[in-house]
Amino acid sequence: MQVDPVLITVEVDRACSRLTVAFAMAQAARSGGDPEAYWTDVPGEPTFPVSWLGERLGLSPTEQHVLWVLIAHELSPLARAHVRELNTESVDDPTLDSLRRTVYGTKPCRQAWRELGPAGQLRRSGLIEILEQGAEYRQTVRLARRVLALVHGEVGPPTEMTFATFDDNGATCDDLEVDERARHAITAALDSPGLVIVQGASGSGRRSMIAAVARQRRKRVLVVDAMAIAKDRVVAAQQLRIVARECALFDAIPLIRQLEGLEGHGEVADRMGLVEEELGGGTCFATTTRQISRRWRTQPMYVELPPLNKAARARLWERAIAVDNKTADQLATLYPLTPALIDAAGKAVMRSTHGEPLEAHHVATGIRSVLDDRLAGLATRISVRQTWDDLVLPSEQVTSVLELLARVRERDRVYEDWGFADKLGRGLGVTALFSGPPGTGKTMCAGLLARDLGTEIYQVDLSNLTSKWIGETEKNLAALFDAAEAGHAILLFDEADAVFGKRTEVRSSNDRHANHETNYLLQRLESFTGICILTTNHENAIDEAFRRRLAVHVRFPMPEASERTRLWRALIPSAAPTAEGLPFEHLGESFEMSGGYIRNAVLRAAFLAADARIPIDANFLVRAAQLEYEGMGKIISRQ
């Protein structure tokens, strides 16, 4: 439905004469977000867009007059002709000088200097833009595209605001499983200006709860992705001013997502203080996964969102995939995911059933698909087909592995039921280091642990994780840890010394950058509540600060002769055709190899036997062992 054009008259003082410029404003078709809803004070009595801008942003009459002149210049050929006549310079666009004389008069005026200057609301809010730099009287001015869009009835998000979006999902507090104390704290925070930092795990429902509470007050929430804010401090400040403008225009509350992304590191300037400078005039929310350590000019309010208990998770599962109470309780125990992942996994589960009755493998498939999507490009899900019988370790190492299993299985009992979480505060995750020579079973042991615990394990792709661009590695690490924590997945860092290595003396910017990455890893592991396994062939290369954060350190030694004998025997499948009297003891005593090399030798012997169309016999095994041994750079006499 189109409304009738509105005749707008703009009077411009033009060197002792009066200029009248008329133009028509065609308003966009009405939609769910009706522009007139913002521009109407009394039904049937619309307020002109510029007047609406003035009311929402606190513009003075003269600032509104500046906008009218620039609107006329954009939409009226007659106005453009008069502006060219008015300019003292040979330019077509209005200059600061012509605007001052048109709106504020020909005499010197402090108000004009203040309102048209860099600190004025018009420029700070991005309503007008300076096109040409140089002497003040020669600078040309243009109306921002955002104002033109509003004049034409377009109230959607501005095209330049790619770093923020309105949260309009419509969820209410009744739709969410939220901590009541946190909800009351957020509700109370709406009544007082200042920064409110909501801390909790990624996907724990921080943003949804803030938006739902604001919605009860008939307010919108503008979510700003801190990771998408420019690294340059000047550009970042302008982006946050745009956020402040849009919040003022549409009575919204800003929410900075991943506030820690604005911290300074290396050569990247700290931008967190800009939140206070640009958004500190009213209530501003921020979410973070960890404590922010800094001095604020005004101390923010902290709200901690604790993990959901089992009963709350069960209710979420029950709603997500429509199961009975008993099944939901089992899912809450087996898959202690965050609310966001339960919701996403539930949708994936329902898609995977294809109308069939819901079964356990549907749930597992749905959860895997969600985790694979969250960790795509950063880590790859791995699985093992071996069993614990295939892992040959000395009794001391077996005890350490059992301790690691106990730490994971009994975390709820020790931390929650027995109250150790209140005593420790941080570091409630489980970080283990598996060190030893290549092929001793470190990665296989990690996979067996994951399968025994009923969770997924993801091997981190270090080539995609690290970046030469400052801040990108930390950004990738944040996404990696957040996704693993939310999905209750195990992270496996093979060759961990590449990223957990010792910090070095700073001799160049590269050294400083590498040390900042190590410092970030230390901080993130401190707050990580998930399971992280590091493997390395060079345990002395691991930074000492990481060692202090280890729950368990398992050293995988080279197997002894008896253990090698067990490995030779265990690695031949029962279905494989074998000759009688295979010399496992002789192989174990003669070839000092780790399990990985023994596996390669067994596989090599199997292919040789298959090619010869005969069972695997002693000759094939000995020959394969000799070839592997020589490949290791060792010499053994032919036997």
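Cut-offs used in this document
- Residue numbering note: each chain is counted from 1, following its sequence as written.
- Only residues with pLDDT of 70 or above have their local features reported here, since the model is predicted, and side-chain atom pairs are shown and tallied only from 80 upward, although totals for entire chains, interfaces and linings are computed over all residues.
- Working from all heavy atoms in the structure, the side-chain values ignore hydrogens and water.
- For helices the rule is a DSSP run of H or I covering at least 4 residues; for strands it is a run of E covering at least 2, with both sets numbered from the N terminus onward.
- When a residue's accessible area, from a 1.4 Å probe over protein chains only, is under 20% of the maximum for its type it is buried; when over 50% it is exposed; and in between it is partly exposed.
- In this description, contact between two residues means that some pair of their heavy atoms is separated by no more than 4.5 Å.
- For this analysis, a nonpolar core means a set of buried residues of the types Ala, Val, Leu, Ile, Met, Phe, Trp, Tyr and Cys, connected via side-chain atoms within 4.5 Å.
- Pairs of N or O atoms are called polar contacts if they sit within 3.5 Å, as long as, within protein, a hydrogen donor faces a hydrogen acceptor (for residues adjacent in sequence, only side-chain-to-side-chain pairs).
- pLDDT measures how confident the predictor is about each residue, on a scale from 0 to 100.
- Expected helix span is given by 1.5 Å per residue-to-residue step, counting one fewer step than there are residues.
- Here a patch means residues that are over 30% exposed by relative accessible area and free of salt bridges, tied together within 9 Å if like-charged and within 5 Å if nonpolar (Val, Leu, Ile, Met, Phe, Trp, Tyr).
- Each accessible area is a Shrake-Rupley estimate made with a 1.4 Å probe; only the visible protein chains count as cover when residues are assessed.
- Basic side-chain nitrogens of Lys or Arg form a salt bridge, by our definition, when they fall within 4 Å of a carboxyl oxygen of Asp or Glu.
- For the charge count, each Lys or Arg is scored as positive and each Asp or Glu as negative, with His and the chain ends excluded.
- Charge positions come from single atoms, namely NZ of Lys, CZ of Arg, CG of Asp or CD of Glu.
- DSSP-based pairing: two strands are paired if at least 2 bridges between them are found.

## As for the overall build of the chain
1) Next: A tally of regular secondary structure across the chain gives 28 helices and 18 strands.
2) Next: Burial status across the chain gives 49% buried among its 639 residues.
3) Next: The contacts of the chain with a sequence gap of at least 6 include a subset with a gap of at least 24, amounting to 71%.

## Topic: the nonpolar core
1) Next: Core analysis: the biggest nonpolar cluster contains 59 residues, and Leu 53, Val 66, Leu 67, Leu 122, Ile 256, Leu 259 and Leu 262 have the highest contact counts within it.
2) Next: For this core, the element with the most residues is helix H11 (residues 233–249), which contributes seven residues.
3) Next: Sequence-distant contacts of Leu 53, that is, excluding residues within four places in its chain, are made with Gly 58, Leu 59, Leu 67, Val 147, Leu 150 and Leu 249.
4) Next: Judged by nonpolar contacts, the second largest core, of 55 residues, contains Ile 321, Ala 483, Val 499 and Leu 522.

## Concerning the side chain of Glu 246
1) Next: Following the sequence through the fold, Glu 246 ends up in helix H11.
2) Next: Residue Glu 246 is classed as buried on the basis of its relative accessible area of 0%.
3) Next: Within polar-contact distance, the side chain of Glu 246 engages the side chain of Arg 146 at 2.7 Å.
4) Next: Excluding anything up to four places from it in sequence, Glu 246 contacts Arg 146, Pro 158, Met 161 and Leu 222.

## Remarks on the confidence of the model for the chain
1) Next: With 87% of its residues at a pLDDT of 70 or more, the chain shows a mean pLDDT of 81.
2) Next: pLDDT under 50 marks residues 1–46. Its contacts with residues more than four places away, or in other chains, come to 79 contacts.

## Description of helix H27 (residues 595–612)
1) Next: Compared with the 26 Å implied by 1.5 Å per residue over 18 residues, the 26 Å span of H27 between its first and last C-alpha is a close match.
2) Next: Of all the residues in H27, the buried ones are Gly 595, Gly 596, Ile 598, Ala 601, Val 602, Ala 605 and Ala 609.
3) Next: In this fold, the buried residues of H27 make contact with helix H25 (561–570) and helix H28 (618–631).
4) Next: Just downstream of H27, Arg 613 is the residue with a positive phi angle, here 60 degrees.

## Brief notes about a negative patch on the surface
1) Next: There is a patch of like negative charges on the surface, built from Asp 412, Glu 416, Asp 417 and Asp 422.
2) Next: Per-element accounting of the negative patch gives the leading share, three residues, to helix H18 (residues 411–417).
3) Next: Along the chain, the position of Asp 412 falls in helix H18.
4) Next: On the basis of relative accessible area, Asp 412 is assigned to the exposed category, the value being 57%.

## Quick look at the pairing of strand S15 (residues 457–460)
1) Next: Relative to S15, strand S13 (residues 379–382) runs antiparallel, the two sharing four bridges. Across the sheet, Ile 382 pairs through a bridge with Ile 457, a residue of S15.
2) Next: As defined by bridge partners, S15 adjoins strand S16 (residues 490–493) across three bridges and the pair is classed as parallel. Counterpart to Gln 459 in the pairing with S16 is Leu 492.

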